[in-house]
Amino acid sequence: MTSRVQNPAQAEVERPRQRLERITTYLSSIVDNLVDGVLLVDDVSFRISVVNDAFLRLVDSPATPTELVGRNIDDLRSPIRGRVEDPEAFSTRIDALYEGDLPATDLVRFVDGRVLERDYVPVPVGPTRRAHLWLFRDVTEREQTEELRRRMLERESAARTAAEETSASLRELARLKTELVASVSHELRTPLTSLRTFVELLAADAPQLSEEHCGFVDAIDRNTDRLLTLVEDLLLLAQLESQALSFRPVLHDVASLVRTSVESIAPLAQAAGVTIDLEPGSCPVALLDPVRIDQLLTNLLSNALKFTPAGGHVQVTTHASEDGCRLEIADTGLGIPATETDRVLDRFYRASNAGATPGTGLGLSISAAIVEMHGGSMEIRRGDPGGTVVVVHLPASGQLGG
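Attention in this report is confined to the structure presented alongside it. Everything numeric in this text was worked out from a predicted model, so none of it was measured.

### A short note on the sheet that holds strand β9 (residues 313-321)
- What the five strands build is an open sheet, ordered β7-β9-β10-β12-β11; its pairing is mixed. Of all the strands in the sheet, the pair left with one neighbour each is β7 (275-279) and β11 (377-382). Adjacent strand axes in the sheet meet at a mean angle of 15°, parallel and antiparallel pairs treated alike.
- This element, helix α9 (residues 290-306), spans β7, β9, β10 (324-331), β11 and β12 (388-395) of the sheet and lies at about 25° to β10.
- The strands touched by helix α10 (residues 363-373) within the sheet are β11 and β12, with β11 carrying the most contacts at an inclination of about 145°.

Here's what the structure looks like:
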């Protein structure tokens with residue numbers, strides 16, 4: 001039996017070679033197990049130096065790494081060109097990267113809908129040589145999510161733009177409507193005023209008119225008065241909408257304004273057979289416009305009298321609230337149907353039980369706008385057991401509205 005003794009010089013040569021083999025095997029194992037596709041191409045021969053299974057799966061190649069290593073890159077590049085959406089751009093981009101000698105990242109879209117992200121890295125392998133390293137990964141799901149997000153953002157932006165355009169159109173329409181109402185109302189007021197003057201002249205000659213003709217004059221006078229009231233309300237509403245209404249707030253006692261308004265309307269209440277009582281309470285001084293508050297009180301008190309039959313009662317109460325003054329006007333009139341309380345502040349809306357009672361349907365909406373100008377609030381509800389209750393709150397601090 002003979003023993004094999006290794007030459008020391010030979011052993012010295014074998015050790016680096018074995019170490020290199022182990023490192024090569026180790027690196028090959030890492031490359032083979034990477035999720036990303038790896039392709040390394042020699043710069044001189046353009047032969048494939050390294051390719052892993054992941055790369056071949058990503059580009060849908062039936063070949064194996066063993067079959068491709070050592071072969072020209074065109075043997076792999078040509079089949080891939082047939083599977084991408086833009087073959088010409090695919091090849092042109094590769095050639096440009098080879099010449100540019102700079103790292104880069106881009107996307108490759110395949111005809112089957114997949115999207116691969118590819119990284120290019122030039123790798124120096126000597127003083128004058130380099131290799132071309134490609135790393136491919138599937139980012140289809142990421143790109144689909146990004147595309148979905150982009151489309152959602154586009155839809156959101158389009159919806160926002162449409163909403164803004166619609167809002168601008170509505171604002172312009174409201175402005176034109178307000179201008180039209182103001183213009184028409186102004187044009188109507190002058191002839192109506194003249195008409196009323198002539199009616200008054202005719203009424204002065206009543207002794208010379210027959211009973212039938214006096215009835216005609218009375219009818220003209222009533223309807224002229226209704227039209228003038230409507231015109232005045234329309235003009236006031238147009239000024240409120242365009243914020244052109246004069247508003248001069250000063251410190252004033254709310255209770256005294258309420259007392260004056262009740263005293264002014266008392267003769268009308270007496271003529272209608274309706275009792276009106278004031279229960280005054282102490283209210284703090286508030287920052288308000290006396291003219292506008294007088295319009296508010298006149299509207300609310302007139303409304304209460306108008307819908308309260310003879311023998312009815314209107315109760316007006318004022319008292320201090322937590323941060324201002326509370327005004328309450330309760331009547332025993334027709335009341336508002338429970339299903340319509342949310343609509344009575346709408347312009348031109350008249351309750352279904354108003355019948356032939358004259359009115360424009362603007363008084364309450366104008367009243368609500370005046371209260372809002374003063375930073376207050378107004379509530380309307382059915383009384384108990386009947387009638388209507390209007391509650392107005394005016395802040396003492398003078399937190400004026402817009």
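### Describing the side chain of Thr 317
- Among the structural elements, Thr 317 can be located in strand β9.
- Under the relative-accessibility criterion, Thr 317 is labelled buried at 15%.
- Setting aside its immediate chain neighbours within four residues, Thr 317 contacts Glu 279, Arg 326, Leu 327 and Glu 328.

### Regarding the pattern of salt bridges
- This model, assessed by the stated rule, comprises 20 salt bridges.
- Across the pair Asp 106 and Arg 93 runs a salt bridge whose closest N-O atoms are separated by 3.1 Å. On the criterion of sequence distance, the pair formed by Asp 106 in strand β3 (residues 104-109) and Arg 93 in helix α5 (residues 87-100) is long-range, its members being 13 residues apart.
- The buried category is assigned to Asp 106, whose relative accessible area is 18%.
- Residue Arg 109 is joined to Glu 143 by a salt bridge in which the shortest nitrogen-to-oxygen separation is 3.6 Å. Within this pair, whereas Arg 109 is found in strand β3, its partner Glu 143 is found in helix α6 (residues 140-204), the two being separated by 34 residues in sequence.

### Brief notes about the nonpolar core
- Among the nonpolar cores identified, the biggest contains 37 residues, and Ile 276, Leu 300, Val 314, Val 316, Ile 329 and Val 392 are the most heavily contacted of them.
- Each residue touching Val 392, except ones within four places of it in the same chain, is listed here: Leu 296, Leu 300, Cys 325, Arg 326, Leu 327, Val 371, Ser 377 and Met 378.
- Counting residues in each nonpolar core, the second largest holds 25 residues, with Leu 58, Val 59, Leu 68 and Leu 97 among its members.

### As for the packing of α9 against α10
- Close contact between α9 and α10 brings their axes to 9 Å; oriented N to C, the two are set at 145°. Handedness of the crossing formed by α9 with α10: left-handed. Along its contact with α9, which presents Arg 292, Gln 295, Leu 296, Asn 299, Leu 300 and Asn 303, the element α10 presents Gly 363, Leu 364, Ile 366, Ser 367, Ile 370 and Val 371.
- Here the contact of α9 with α10 is composed, by residue class, of six nonpolar, five polar and one charged.

### Regarding α10
- Among the residues of α10, Leu 364, Ser 365, Ile 366, Ser 367, Ile 370, Val 371 and Met 373 are the ones counted as buried.
- Phi turns positive, to about 75°, at Gly 375, one or two residues after α10.

### Remarks on the side chain of Thr 140
- Residue placement: Thr 140 occurs in helix α6.
- Judged by relative accessible area, Thr 140 falls into the buried class, the value being 11%.
- Within the local environment of Thr 140, its side chain forms a polar contact with the side chain of Asp 138, the two groups lying 2.6 Å apart.
- Not counting residues up to four positions away in its chain, the partners in contact with Thr 140 are Gly 113, Arg 114 and Val 115.

Conventions used here
Residues numbered from 1 in each chain as written. Predicted model: local features only at pLDDT ≥ 70, side-chain atom pairs only at ≥ 80, totals over all residues. Heavy atoms only, no water. Pairing = 2+ DSSP bridges. Helix = DSSP H or I, 4+ residues; strand = E, 2+ residues; numbered from the N terminus. Axes fitted to C-alpha atoms, helices over the stretch in contact; angles between N-to-C directions. Contact = heavy atoms within 4.5 Å. Buried < 20%, exposed > 50% of the residue type's maximum accessible area, 1.4 Å probe, protein only. Salt bridge = Lys/Arg side-chain N within 4 Å of Asp/Glu carboxyl O. Core = buried A, V, L, I, M, F, W, Y, C linked by side-chain atoms within 4.5 Å. Left-handed = near helix turned anticlockwise from the far one by under 90°. Nonpolar A, V, L, I, M, F, W, Y, C, P; charged D, E, K, R; others polar. Polar contact = N/O pair within 3.5 Å; in protein donor to acceptor, adjacent residues only side chain to side chain.

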